[in-house]
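As a plain string of letters, each chain reads:
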Amino acid sequence: MKALLDYLEKAEGTKVHYNKTEDDITTPYGIYAKVHPNAKLVLYIQKISKKIGIDSKSKKWSHKDLQKINEYLIGKEKKVRALASAFYEEFLKNAHLDKFPQECQVAMFSIFTNSNTRAWRAVQQSIINIEESKMLKFGRLSTVDGIYGRKTKNALIVINKEFSKEGYMYFKTLMLSNMKTEYIKLATSSPRKFLIYLRGWDNRMNNLANK
């Protein structure tokens, strides 16, 4: 979890903020209040806002409100990080990060956090790509259904056991490339809704390639 939080500290920051195109605040370490309104870190920040006299809902906070909240959080970094850690430990149970090589865990964390079904589809397609390249054999292959099951688990065991570090990095590259494909499919299926996010998704995948 430390490596994941260190990544989020750089990728998402340690301040309460708004992201472009989003309707509510994002907490330190990247928890989006609209999607996770009951996360303890979100509730903690909302409690702080009331304490310092901000009565409006978080989606209506001004730049000045955010400044006041972030100033209040100075000196409370350990508590904020602990609340973020607790959230991600629960949220990531179905990501099965322990089944991935260490070199791939941050990438899986990021794509799973963004879309868990599409993340597993990207992983499954990567497993198929490795089999097609004849680098490894997995027996019965996973289907690309976005569901973590026995075949996907067994393939990850083989990857961990049989691949070298260079192989792990190749697997990671495939995961990110296939996740880009998932994003493109999503954006082109509903361009008015999702095309605006495509550049940001692409940048995120490119940045993860260097992690």
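Heads up: the structure comes first, above all this text.
These remarks concern the structure in this document. Within every chain, residues take consecutive numbers counted from 1 along the sequence as written. Note on the predicted model: pLDDT of at least 70 is required for a residue's local features to be given, and 80 or more for side-chain atom pairs to be given and counted; whole-chain, interface and lining totals, by contrast, use all residues. The basis for the side-chain values is all heavy atoms of the structure; hydrogens and waters are excluded.

This part covers the nonpolar core. Buried Ala, Val, Leu, Ile, Met, Phe, Trp, Tyr and Cys residues that are joined via side-chain atoms within 4.5 Å together make up what is termed a nonpolar core. Residue burial is assigned from relative accessible area. The probe radius is 1.4 Å, only protein chains are included, and a residue is buried under 20% of its type maximum, exposed over 50%, and partly exposed in between. Ranked by internal contacts, the top residues of the largest apolar core, which has 60 residues, are Y88, F100, M108, V123, I159, F171 and M175. For this core, the leading source of residues is helix α8 (residues 165-189), giving eight residues. The contact criterion used throughout is that any non-hydrogen atoms of two residues lie within 4.5 Å. Non-local contacts of M175, meaning those with residues more than four positions away in its chain, are made with F100, C104, A107, M108, I111, A122, V123 and S126. Put simply, DSSP H or I for four residues or longer makes a helix, DSSP E for two residues or longer makes a strand, and each gets a number counted from the N terminus.

Quick look at the packing of helix α5 (residues 102-114) against helix α10 (residues 198-208) now. Where α5 meets α10, the axes come as close as 10 Å, and the angle between the chain directions of the two elements is 165 degrees. In terms of axis orientation, α5 runs roughly antiparallel to α10. For α5 against α10, the interelement crossing comes out right-handed. Contacts between α5 and α10 involve V106, A107, S110, I111 and N114 from the first element and W201, R204, M205 and L208 from the second. Each residue gets one of three labels, nonpolar for Ala, Val, Leu, Ile, Met, Phe, Trp, Tyr, Cys and Pro, charged for Asp, Glu, Lys and Arg, and polar for the others, Gly among them. Class assignment of the residues belonging to the contact of α5 with α10 gives a composition of six nonpolar, two polar and one charged. All axes here are fitted lines through C-alpha atoms, helices being fitted over the stretch that makes contact, and every angle between N-to-C directions spans 0 to 180 degrees. Angles are sorted into four bins: roughly parallel if under 35 degrees, roughly antiparallel if over 145, roughly perpendicular if 65 to 115, and oblique for all others. Here a crossing is called left-handed whenever its near helix is offset anticlockwise from the far helix by less than a right angle, and right-handed whenever the offset is clockwise.

Working definition: rings of Phe, Tyr and Trp (its six-membered ring) pair if their centres are within 6.5 Å, and the pair is stacked with planes under 30 degrees apart, edge-to-face with planes over 60 apart, and tilted otherwise. Counted under the stated rule, the structure contains eleven aromatic pairs. Where Y7 meets F109, the ring centres are 6.3 Å apart and the plane angle is 90 degrees; that geometry is what we call edge-to-face. Note that Y7 is positioned in helix α1 (residues 2-11) and F109 in helix α5, a separation of 102 residues in sequence. Overall, the relative accessible area of 10% leaves Y7 in the buried class. On the basis of relative accessible area, F109 is assigned to the buried category, the value being 1%. Relative to W201, the ring of F194 has its centre 6.5 Å away and its plane inclined at 35 degrees; by these criteria the two rings are tilted. Site record: aromatic cluster; members linked through ring pairs are Y7, F87, Y88, F91, F109 and F112. Lysine and arginine charges are scored as sitting over a ring when NZ or CZ, respectively, is within 6 Å of the ring centre and within 35 degrees of the ring normal. Above the ring of Y72, the side-chain terminus of K76 is found at 4.2 Å from the ring centroid.

What follows concerns the side chain of Q124. Within the fold, Q124 resides in helix α6 (residues 116-132). Judged by relative accessible area, Q124 falls into the buried class, the value being 1%. The definition of a polar contact used here is a pair of N or O atoms within 3.5 Å, where within protein one atom must be able to donate a hydrogen and the other to accept one, and adjacent residues in sequence count solely through side-chain atom pairs. Reaching out from Q124, the side chain makes a polar contact with the backbone nitrogen of G146 at a distance of 2.9 Å. The residues touching Q124, leaving out its near neighbours within four places in the chain, are S142, T143, V144, D145, G146, I147 and T152.

A few words now on unusual backbone geometry. Phi at Y29 is positive, roughly 70 degrees, even though this residue is not glycine. Taking the relative accessible area as the measure of exposure, Y29 reaches 4% and is therefore buried. A positive phi is found at K134, a non-glycine position, where the angle reads about 65 degrees. Structurally, K134 is set in the loop between α6 and α7 (150-162). On the basis of relative accessibility, which here comes to 75%, the residue K134 falls in the exposed class.

On to the pattern of salt bridges. Should the charged atoms of two oppositely charged side chains come close, the side chains can pair. We define a salt bridge as a side-chain nitrogen of Lys or Arg found within 4 Å of a carboxyl oxygen belonging to Asp or Glu. Taken as a whole and judged by the stated rule, the model has ten salt bridges. Between D6 and K2 there is a salt bridge, with the nearest N and O atoms lying 2.8 Å from each other. With a gap of four residues between them, D6 and K2 both fall in helix α1, about one helical turn apart. Classification of K2 by relative accessible area gives exposed; the value is 58%.

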